[in-house]
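# Observations on the model geometry
The primary structure of each chain is shown beneath.
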Amino acid sequence: GTREVISWKSKDGATIEGILIKPADFDPSKKYPLLCVIHGGPTGLDRPGMLAGDTRYYPADIWAARGALILKVNYRGSSGYGEAFRSLNVRNLGVGDAWDVISGVDYLISKGWVDAKKVACMGWSQGGYISAFLTASSDRFAAISVGAGISDWSTYYYNTDITNFTRNYLGADPVADPEIYQKTSPITYVKAAKTPTLIQHCDQDKRVPIPNGYELRQALEDRGVPVQMIIYKGFGHNITKPKSMRAAMDHNLAWFNHYIFGDP
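An account of the accompanying structure is given in this report. Sequence positions are assigned chain by chain, starting from 1 and proceeding in written order. Selection of residues for local features in this predicted model requires a pLDDT of at least 70, selection of side-chain atom pairs for listing and counting requires 80 or more, and totals for whole chains, interfaces and linings are taken over all residues. Side-chain calculation: all heavy atoms of the structure are included, whereas hydrogens and water are not.

### Here we look at helix 4 (residues 126-137)
For helix 4, built from 12 residues, the straight-helix expectation of 16 Å at 1.5 Å per residue is met to within 8% by its first-to-last C-alpha distance of 16 Å. Burial classification: accessible surface area is computed with a 1.4 Å probe over protein chains only, and a residue below 20% of its type maximum counts as buried, one above 50% as exposed, and the rest as partly exposed. Helix and strand assignments come from DSSP, with helices taken as H or I runs of at least 4 residues and strands as E runs of at least 2, each series counted from the N terminus. Here helix 4 lies mainly inside the structure; 11 of its 12 residues are buried. Inspection of helix 4 places Q126, G127, G128, Y129, I130, S131, A132, F133, L134, T135 and A136 among the buried residues, and these make up the whole buried set. By this rule, a helix spans an expected 1.5 Å times one less than how many residues it contains.

Following this line, the structure appears as structure tokens:
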């Protein structure tokens, strides 16, 4: 496939860039499934290179070869775009990030390239949090995968090994400003959830402790939303052994191949 940098306007007018991967035989007159892969950080960055770090969990080129578009969104807060852009998600985590992903999806739909019924989203860490936010707050996606994602900022704040990170972005602790924690937490919006969701989490994760995964899984199950949670035992925030990385990749392949491509 081919890789190119594209840009579009988000809901609030911010210019957002992303990496678009097209199948090798891309035909602009056809409509393709679209899979969004969201980087972590939030200060990560996607570039149009072959060996992206997220390929250990999300095999974008396998899906592109099968006939899908892949969009990697450099949402607000990503590095490489200057201080003002880095600050656009301060006290706006999740909310503004969701604007950036959905507006990118809408941009590609407007070009006539996307089958709007076959759109998916996935990501690890901050990308998992954004995916969880979209699971809870949007009906735009046919399937979502949440990797090591935050579901409740209060749960995260009191359990993570980087407590100051939360205050840096939200401006206060949960007791001092419960409203900002509610505004930015996927769990706040989960009553509206409908999207089949795969949750992937490691049991020794101190950065995004596993109660975040359990909380989202139970909330989705309580509402009858199709959900599966897979726990990778013995790992921290990231999976570090090739066999288990391959397992996580295979789990994502099975999930999206079913919901996007119709496989058993």
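Back to the text.
### A closer look at the packing of helix 3 (residues 95-110) against helix 4
Axis definition: a line fit to C-alpha positions, over the contact stretch in the case of helices; interaxial angles, taken between N-to-C directions, run 0 to 180 degrees. Look at helix 3 against helix 4: their axes get within 10 Å of each other, and the N-to-C directions meet at 80°. If you check the angle between helix 3 and helix 4, you find them roughly perpendicular. Here V95, D97, A98, V101 and I102 of helix 3 lie close against helix 4, whose contacting residues are Q126, Y129, I130, F133 and L134. Ten residues, namely Ala, Val, Leu, Ile, Met, Phe, Trp, Tyr, Cys and Pro, are considered nonpolar, four, namely Asp, Glu, Lys and Arg, are considered charged, and the remaining ones, Gly among them, are considered polar. The residue makeup of the contact of helix 3 with helix 4, split by class, is eight nonpolar, one polar and one charged. Our angle categories are set so that under 35 degrees counts as roughly parallel, over 145 as roughly antiparallel, 65 to 115 as roughly perpendicular, and the remainder as oblique. Whether two residues touch is decided by their heavy atoms; if any such pair falls within 4.5 Å, the residues are in contact.

### Considering the environment of R91
Of note, R91 is situated in the loop between helix 2 (83-86) and helix 3. By relative accessible area, which is 36% here, R91 ends up partly exposed. On a C-alpha basis, the gap between R91 and G149 in space is 18 Å, while along the polypeptide they are 58 residues apart. Here a polar contact means two N or O atoms within 3.5 Å. Within protein one must be a hydrogen donor candidate and the other an acceptor candidate, and residues neighboring in sequence count only if both atoms are side-chain atoms. Of note is the side chain of R91, whose polar atom sits 3.0 Å from the side chain of D177.

### Brief notes about the nonpolar core
What we call a nonpolar core is a set of buried Ala, Val, Leu, Ile, Met, Phe, Trp, Tyr and Cys residues that are connected through their side-chain atoms within 4.5 Å. One finds L34, L134, F141 and W153 to be the most contacted residues of the largest nonpolar core, which totals 55 residues. Excluding its chain neighbours within four sequence positions, the residues that come into contact with W153 are L93, Y129, F165, T166, L170, Y181, T184 and S185. If you look at the next biggest cluster of nonpolar residues, it comprises 29 residues, including V37, Y57, A60 and W124.

### What about the packing of aromatic side chains?
Between 30 and 60 degrees the pair is tilted, below 30 it is stacked and above 60 it is edge-to-face, where a pair is any two Phe, Tyr or Trp rings, Trp via its six-membered ring, whose centres lie within 6.5 Å. Applying the stated criterion across every chain, the model contains 17 aromatic pairs. Aromatic pair Y81 and F85: ring centres 5.1 Å apart, planes at 50°, arrangement tilted. Judged by its relative accessible area of 10%, F85 is buried.

### Focus: the sheet that holds strand 7 (residues 197-202)
Across the sheet, eight strands lie side by side as 1-2-4-3-5-6-7-8; this open sheet has mixed pairing. Each having just a single partner strand, strand 1 (2-9) and strand 8 (227-232) make up the two edges of the open sheet. Within this sheet the neighbouring strands show an average axis-to-axis angle of 20°, counted without direction. In the packing of helix 4 onto the sheet, the strands contacted are strand 3 (32-38), strand 5 (114-124), strand 6 (143-147) and strand 7, and the crossing angle to strand 5 comes to about 135°. Relative to the sheet, helix 8 (residues 211-222) contacts strand 6, strand 7 and strand 8, its axis offset from that of strand 8 by approximately 160°. Two strands make a pair as long as DSSP finds a minimum of two bridges between them.

### Some thoughts on the pattern of salt bridges
Each salt bridge in this description consists of a side-chain nitrogen of Lys or Arg and a carboxyl oxygen of Asp or Glu lying within 4 Å of one another. According to the stated counting rule, one finds 10 salt bridges in the structure shown. R76 is the partner of D12 in a salt bridge, and the nearest nitrogen-oxygen pair spans 2.8 Å. With D12 in the loop between strand 1 and strand 2 (15-22) and R76 in the loop between strand 4 (69-74) and helix 2, this pair connects stretches of sequence that are 64 residues apart. D12 sits in the partly exposed class, given a relative accessible area of 42%. What makes R76 buried here is its relative accessible area of 0%. Close ionic contact of R91 with D177 constitutes a salt bridge, the shortest N to O distance being 3.0 Å. Of this pair, R91 sits in the loop between helix 2 and helix 3 while D177 is found in the loop between helix 6 (163-170) and helix 7 (178-184), placing the two residues 86 residues apart along the sequence. The exposure class assigned to D177 is buried, which follows from its relative accessible area of 15%.

### Some thoughts on the pairing of strand 4
Across the six residues of strand 4, six count as buried, placing the element largely inside the fold. Across the two faces of strand 4 the burial is the same, with L69, L71 and V73 and I70, K72 and N74 all buried. Across five bridges, the pairing between strand 2 and strand 4 is antiparallel. Residue pairing across strands places E17 opposite N74, the latter belonging to strand 4.

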